[in-house]
Each structure stands twice: as C-alpha cells, then as structure tokens.
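What follows is the residue order along each chain.
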Amino acid sequence: MTARILDGKAISERLTIEVRRAVDARCAAGKAAPGLAVVLVGEHAASQIYVRNKRRMTEAAGMRSFAVDLAADATEEALLRTIDRLNGDASVHGILVQLPLPKQIRSERVIEGIDWRKDVDGFHPYNVGRLVLKLPTLRPCTPYGCMRLLAETGEDLVGKHAVVIGQSNIVGRPMALELLMARCTVTICHSATRDLPGIVRRADIVVAAVGKANFVQGDWIAEGAIVIDVGINRNADGSLSGDVDFASARERAGWITPVPGGVGPMTIATLLANTLRAAELQDAQPRGSP
Ligand code: NAP
C-alpha cells in the first residue's frame, strides 16, 4: 500500500480562508479586527523564523499583528510586566510568547501570567483544565491542527487505537486528550516505554512527537494506519525531516503527513482560528469577569 498524503499546506490554506472570511464579517459588523501579539525574547534562529511566519500569516488573515521583541537578557519580571500590559490592551486579543525562553525565565510563570482569554497557544492551566474536562475553549494549536488533519481523512475515529509518542505539555499530552475526546483508545508513549515498536504496530493512528529525525521505522506501522508526524528536525544540510521515516512508512500507512508541509502549516492556521475565537470570547466575556 502507498499512503495517501495529508496535505497540511492545502488544508491550512483552506482553514486560513475560513478564518479570513469570519474576520471580514466581524469587521463589517463594526467589531474590531482580532489582534495578535507575538512576543519573542532573544534571537533564537528557529524561533525568529516561526515568529516571522506567524506575524505574516496574522496579517494575511486580516488581523492586526503586534510585534514585541525583548533582548535575550530580559528578566522574568520585565517579561511579566510586558504581558500584563498586553493583558490590559483591548486591541490585543491573543498573546503568544514564543518558546523556548532564555534560561533565566520560567516559562510556566509566563504562561500563567497570560489572561486565559488571550492564551491563543492554549497552554494556560485554565485552558488545559478545560481540555481535560472535555470542555475545550482555546486548544493547543499543534494537537488541534492534527485533529483537523485526521478529520480530512474522512475516517471514523471512534474506537480506533491511537498511539501518541511523546508526552510534552505542548504536543503529546494535549494530543492524547484530543484523541480521547474523539473517543479513540489512547496509548501514550515516552522515553521509558518498553517495546515501542510492538505498541506502534497495534496502532490505527500514530502521532509522532519525539524530536528525533526518522525515529519511527516503516516496519513499525500497521498496514493502513494513519500517521501524523509532528517532528521538525533540521538536518546538517539545512533540510527538514520528521520523526517518522517517511519513505518506508508511506509504503505501509493508509494516510501520512509529509515534513515539511504537514503539521507545521496547520499549527499556524489553528493559531489564527484561536485568535479569532479569543476575540469572540472577549466580546462575550471582557477581562475581569469570571
Ligand atoms: P519534547 O518536549 O522534547 O518531548 C519529546 C517527547 O519524546 C518526550 O515526551 C520524550 O519522552 C519522548 N521521547 C524521547 N525519546 C524517546 C524515545 N526513544 N522513545 C519514546 N519517546 C521518546 O518535544 P516537543 O516539544 O513535544 O516536540 C516534539 C517534536 O515536534 C520536535 O521535533 C518539535 O520540533 C516538533 N514540533 C512541531 C510542531 C509543529 O508545528 N509541527 C510544534 C511543536 C513541536 P520523556 O517525556 O520520557 O522525556
């Protein structure tokens, strides 16, 4: 079997157009265009590229983009003050702090400092808790994007065995919660998991979020499985590889995402969808209300 490709680039473009239409309708109704503040601390090379793309796509979706750049030696207090200012700015509906942060700054304190209504990354404990309770509000962008990709297969997810490799707060854990909410039977794997190939062989859906190039081998994949590759690994020659060995996995999978052009563009499109949702939340529930 040769897998069908889940084209994240094309699907994310469709989602971005949907968001753009909703933003235009919102503005035509006299409401403010959603505004997204993307905060970058320091000059981490990959982060600079991600931030540039996010800012560009925000404008392409008809939203306002606010660039907030702090020096690499900025203190935690300075970043928290910046966030507080953005929390109080009515033209800013979404706040994204690009991770990783320099080591002098505790990312959990920063995430907790963001007003949950503006937490477009979906990392605030309130939004994570809502997801745990099956009441998602602002959902972590990458897992949410993966769910949109799974929906595109047209396959019924109910009862499928989904194996998530990786348990990070930003990908693996919320991904497992999303799949559970879709009524999959979910196995979460991590670096202490025994017999990972054996577990993956029993998966109808595999989500790889490990951070190791070509880690998941084609002969681990069950015939016809759906393979979602979250990994973005930079090779020595500058090219990108996923966490799945694409060439061998596509010979067995039913569906597979490429890298680049799979999950990556979906993460930006769901960020835009979250920014719109955040603006709607703030229309209904201004800051200070419960
Ligand atoms: P992370 O925080 O480093 O987490 C990696 C996870 O992989 C950990 O849970 C770790 O287990 C697990 N792991 C490591 N070695 C393993 C092994 N040998 N067997 C099984 N599990 C193993 O990474 P992350 O932030 O989740 O990101 C994962 C990948 O996704 C990276 O390549 C990242 O660049 C990419 N990413 C892509 C997007 C996108 O938009 N496409 C967004 C975010 C991240 P332990 O918990 O036991 O250490």
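Let me begin by describing the structure that accompanies this report. (Residues numbered from 1 in each chain as written. Predicted model: local features only at pLDDT ≥ 70, side-chain atom pairs only at ≥ 80, totals over all residues. Heavy atoms only, no water.)

Its 16 residues give helix α2 (residues 45–60) an end-to-end C-alpha distance of 23 Å, which sits within 8% of 22 Å, the value for a rise of 1.5 Å per residue. Within the sequence span of α2, burial applies to S47, V51, K54, R55 and T58. End-on, the buried residues of α2 take up no more than an arc of 95 degrees, which puts them together on one face. Residues of α2 that are exposed and angled more than 90 degrees away from the buried face: A45, R52 and R56. Looking at the buried residues of α2, the elements they touch are β2 (35–41), β3 (64–70), β4 (94–97) and α10 (263–284). Just beyond α2, the residue with positive phi is G62, at close to 80 degrees. (Helix = DSSP H or I, 4+ residues; strand = E, 2+ residues; numbered from the N terminus. Expected span 1.5 Å × (residues − 1). Buried < 20%, exposed > 50% of the residue type's maximum accessible area, 1.4 Å probe, protein only. Arc of directions from axis to C-beta. Contact = heavy atoms within 4.5 Å.)

Put simply, the largest pocket is a space of about 1400 Å³. Lining of the largest pocket is provided by 49 residues; of these, Y50, T142, I232, G264 and T267 occupy positions nearest its centre. Elements represented by at least two residues in the lining of the largest pocket include exactly α1 (8–28), α2, β4, α6 (141–152), β9 (233–234) and α10. Broken down by element, the lining of the largest pocket gets its largest block of residues, nine residues, from α2. Class assignment for the residues of the lining of the largest pocket results in 27 nonpolar, 14 polar and eight charged. (1 Å grid on protein atoms, 1.4 Å probe; cavity = no way out; pocket = protein on both sides within 12 Å on 5 of 7 lines; lining within 4 Å. Points joined across faces, edges and corners; volume = space filled by probe spheres on them. Nonpolar A, V, L, I, M, F, W, Y, C, P; charged D, E, K, R; others polar.)

This brings us to the pairing of β4. On β4, burial covers both faces: G94 and L96 on one face and I95 and V97 on the other are all buried. Where β2 lies against β4, four bridges are found, and the strand directions are parallel. Across the sheet, the residue bridging to A37 is I95, located in β4. (Pairing = 2+ DSSP bridges.)

This paragraph deals with the pairing of strand β7 (residues 205–208). Side chains I205 and V207 project from β7 onto one buried face, and the interleaved V206 and A208 project onto a second face that is buried too. Judged from the four bridges that link them, β7 and strand β8 (residues 226–229) form a sheet pairing that is parallel. The residue of β8 that forms the bridge with V207 is I228.

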